[in-house]
Amino acid sequence: MIQTIGDKNRSTHGASPMMIPENTMIKGVGVSVGIGIGQVVLLERLSTDICPCRILTTAEVPAEIARFEEAVDSAEKRLNAIKGQIDGNHPLGDHSYILDTHILLLRDKMLYEGTKRAIEQGKQNAEWAISEVMTKITSAFDSIDDEYLKERARDVHFVGERVLRILLGVSSERKMHQLPPNSILVAHDLSPADAAQLKKEHVLAIATDVGGRTSHTAIMSRSLKIPAVTGLEKISPMVQTGDTIIVDGSTGLVILNPDAEMIFRYRQRSDVLRNYHQSLLAFGRLPAVTRDGGRKIQILANIELVDEIEIAVAHGCEGIGLFRTEYLFLGREDLPSEEEQFEAYRAVVDRNKPYPVTIRTLDIGGDKIASSLKMPSETNPAMGLRAIRLCLNLKSVFKTQLRAILRAAHYGNCRMLIPMISCITEIHSTKKILEEVKSELASEGVEHCDSIKLGILVEVPSAVAIADLLAREVDFLSIGTNDLIQYALAIDRLNEHVNYLYDTLHPAVLRLIRQVVNAGQAFGVSVAMCGEMAGDPVNVPILVGLGLDELSMNALSIPLVKKLIRSISYDDCLDLTHQAFQMQSAQEIHELIEKWIFDRFPGDFFLSQQ
Ligand code: PEP
Ligand code: MG
């Protein structure tokens with residue numbers, strides 16, 4: 001029997017564990033594909049409740065500060081030693097910079113100075129002082145609705161906890177290198193130092209309470225190819241070391257206390273999926289040409305971090321269709337310099353040669369807030385000073401980014417994509433600034449690309465309505481369905497109460513896409529799609545039928561989408577699209593396509609989501 005539970009806790013602090021019903025399922029975010037079935041190794045969280053609290057006398061303060069500084073020094077030495085273990089051949093070699101960040105964070109102003117101040121002025125002992133500061137930092141960041149910033153607050157927490165363990169005299173290491181075989185690591189969170197030390201052969205999967213797609217657990221588990229589910233909220237208090245669990249990194253499901261039948265079922269699924277993904281990888285290397293040769297679609301990857309390029313290339317991307325540059329701006333007090341941006345953009349351009357890299361200019365605002373930019377608080381941020389509107393408002397920030405992009409474009413095939421265009425004036429203003437930047441670079445004698453291809457994200461309904469006018473102004477159009485659907489169907493993409501209305505196959509959405517493709521074709525401008533819609537196999541036959549030239553998606557979807565395109569004929573896609581446009585509701589269109597795919601390929605293409 002299957003049970004699904006919400007926030008029922010197995011054990012609260014000190015309470016005796018209660019029995020978890022068989023086959024209890026909890027849902028998180030699947031961040032690294034694959035299935036692990038094994039025994040839990042629970043990584044205990046350091047409880048700050050156990051911190052001794054003591055008021056110091058004035059005479060004791062200097063010695064307490066010295067004790068704190070020594071603890072920070074020894075934490076630094078230990079992190080350096082762990083970093084030393086990750087040489088160039090280690091699968092995490094490319095991520096050792098995360099440990100550098102943690103070493104720097106040991107002396108983070110809020111954490112380091114804040115703790116010293118609490119010892120000096122508050123007369124608190126070091127353990128108490130640092131745990132108070134950590135709590136303050138966490139709750140300050142918790143109130144901000146930005147996943148990336150929350151991740152960075154957790155970095156501060158990791159290093160603070162390391163110092164606290166040293167002060168308390170408890171081992172600063174969680175026994176990562178001594179994990180028994182067939183372990184499933186369960187933790188509130190996993191630090192990069194933990195991940196760097198774990199014995200990969202012994203870890204079948206990872207499950208954590210917190211974390212999202214850009215969390216370090218996610219990045220590192222993907223690099224280590226360990227199935228992982230994050231954001232499970234309460235898994236760590238629900239399980240104990242030795243419990244049997246199943247972690248499905250493809251669907252984000254974790255099953256506690258599975259019975260024999262469930263284990264058998266998942267073992268089979270694991271074999272099928274492993275073989276399936278393995279067989280799909282070969283498709284990544286092939287072009288996405290329809291079976292009858294009638295249509296070739298270019299398949300590209302969406303990335304947020306420079307770090308993601310390797311995965312994208314390994315899955316067969318033919319370039320980057322969307323580089324969301326705002327991640328360079330988030331989670332920090334200052335703005336990234338021109339040089340820092342240039343290095344990041346150039347790294348992506350270099351790594352993708354000869355394929356194109358599409359660098360989207362800053363899309364800050366809405367749900368992404370950069371603390372370095374003083375932005376007004378808005379009642380309706382999704383419709384506020386966002387993306388290109390903000391850039392035209394903050395001209396010097398925009399110009400710095402344009403300089404960095406033009407300089408990087410000198411080294412390879414690079415295009416520029418402007419988000420949230422809603423009228424022609426925004427294109428004219430952007431072009432004017434772009435020309436200014438080019439002539440400044442030229443007069444300074446700085447190497448740059450003078451003829452970069454310029455495109456716009458079509459993600460506002462007004463841009464669809466004037467797609468014919470916009471197409472005349474640019475080199476390419478890219479449809480951002482994530483926003484286009486939110487604005488066209490009036491569904492806040494962050495609001496879980498209206499999520500059920502969000503449908504990529506709504507007849508209105510298909511008509512909007514068709515209008516953009518027609519405009520592109522009429523003016524000889526290529527049309528791409530880079531919203532999540534492009535990577536879901538259910539949409540692919542219609543997107544082919546509609547005439548999209550490029551599809552850009554999360555890297556892991558690439559082999560599957562390529563396989564699907566190579567298996568279908570263009571004529572069939574045209575016919576299916578024609579039929580879909582006769583239908584009145586999203587549900588009818590879903591049924592039509594699912595049957596269409598199932599009749600042709602029973603058991604294929606929706607496998608990993610089943
Ligand atoms: C989109 O809106 O579809 C898009 C690709 O941009 P983002 O998801 O970053 O808003
Ligand atoms: Mg968008």
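Residues numbered from 1 in each chain as written. Chains lettered and ligands numbered in written order. Predicted model: local features only at pLDDT ≥ 70, side-chain atom pairs only at ≥ 80, totals over all residues. Heavy atoms only, no water.

Draft legend 1. Expanded view of the site of ligand 1. Taken together, the neighbourhood of ligand 1 is formed by 14 residues, with Arg324, Arg360, Gly480, Asn482 and Arg493 sitting nearest. Within the backbone of Asn482, a nitrogen or oxygen atom sits 2.7 Å from an oxygen atom of ligand 1. Bound to the protein, ligand 1 loses 98% of the 290 Å² it would expose on its own. Going through the elements one at a time, β12 (320-324) and α17 (481-488) are the ones with two or more residues in the shell around ligand 1. Examining the composition of the shell around ligand 1, we find that three residues originate from one element, α17, more than from any other. Its residues placed into classes, the shell around ligand 1 shows two nonpolar, four polar and eight charged. (Near = heavy atom within 4 Å. Polar contact = N/O pair within 3.5 Å; in protein donor to acceptor, adjacent residues only side chain to side chain. Areas by Shrake-Rupley, 256 points an atom, 1.4 Å probe, with all protein chains shown as cover. Helix = DSSP H or I, 4+ residues; strand = E, 2+ residues; numbered from the N terminus. Nonpolar A, V, L, I, M, F, W, Y, C, P; charged D, E, K, R; others polar.)

Draft legend 2. Geometry of the coordination of the magnesium ion (ligand 2). Every protein donor of the magnesium ion (ligand 2) is accounted for by Glu459 (OE) and Asp483 (OD), and the metal-donor separations fall at 2.0 to 2.1 Å. In this pair, Glu459 is assigned in the loop between β15 (453-458) and α15 (461-465) and Asp483 in helix α17, connecting sequence segments 24 residues apart. Note on Glu459: relative accessible area 2%, which makes it buried. (Donors = N, O, S within 2.8 Å, 3.2 Å for Na, K, Ca; no water. Buried < 20%, exposed > 50% of the residue type's maximum accessible area, 1.4 Å probe, protein only.)

Draft legend 3. The pattern of salt bridges, seen in detail. Tallied over the full model, the rule gives 32 salt bridges. Arg415 is the partner of Glu550 in a salt bridge, and the nearest nitrogen-oxygen pair spans 3.0 Å. Taken together, the positions of Glu550 in strand β18 (residues 550-553) and Arg415 in strand β14 (residues 414-418) put the pair 135 residues apart, joining distant regions of the chain. A salt bridge links Lys595 to Asp599, with the shortest nitrogen-to-oxygen separation between them at 2.7 Å. Here Lys595 and its partner Asp599 are both found in helix α22 (residues 586-600), four residues apart, which amounts to about one turn of the helix. Of the residues examined, Lys595 reaches a relative accessible area of 52% and is grouped as exposed. Using a relative accessible area of 47% as the deciding quantity, one classes Asp599 as partly exposed. Beyond isolated ion pairs, a larger network of salt bridges with shared partners links Glu326, Arg360, Asp363, Arg386 and Asp483. (Salt bridge = Lys/Arg side-chain N within 4 Å of Asp/Glu carboxyl O.)

Draft legend 4. Representation of the state of the cysteines within the structure. According to the stated counting rule, one finds zero disulfides in the structure shown. Cys414 forms no disulfide, and the closest cysteine sulfur to it belongs to Cys449, at a distance of 7.6 Å. Judged by its relative accessible area of 6%, Cys414 is buried. (Disulfide = S-S within 2.5 Å.)

Draft legend 5. Region of the structure containing the packing of aromatic side chains. The full count for this structure, using the stated rule, is three aromatic pairs. The interplanar angle of 35° and the centroid separation of 5.6 Å between the aromatic rings of Phe68 and Tyr112 together place this pair among those described as tilted. With a gap of 44 residues between them, Phe68 in helix α1 (residues 61-85) and Tyr112 in helix α3 (residues 109-120) connect regions that are remote in the sequence. On the basis of relative accessible area, Tyr112 is assigned to the buried category, the value being 10%. Considering the side-chain rings of Phe342 and Tyr411, the 6.0 Å spacing of their centres and the 55° angle between planes classify their relative orientation as tilted. Of this pair, Phe342 sits in helix α11 (residues 338-351) while Tyr411 is found in the loop between α13 (395-409) and β14, placing the two residues 69 residues apart along the sequence. On the accessibility criterion, Phe342 (6% relative accessible area) is buried. By relative accessible area, which is 23% here, Tyr411 ends up partly exposed. The ring of Tyr112 carries the charged tip of Arg107 above its face, separated from the ring centre by 5.6 Å. (Phe/Tyr/Trp six-rings, centres within 6.5 Å; stacked < 30°, edge-to-face > 60°. Lys NZ or Arg CZ within 6 Å of the ring centre and 35° of its normal.)

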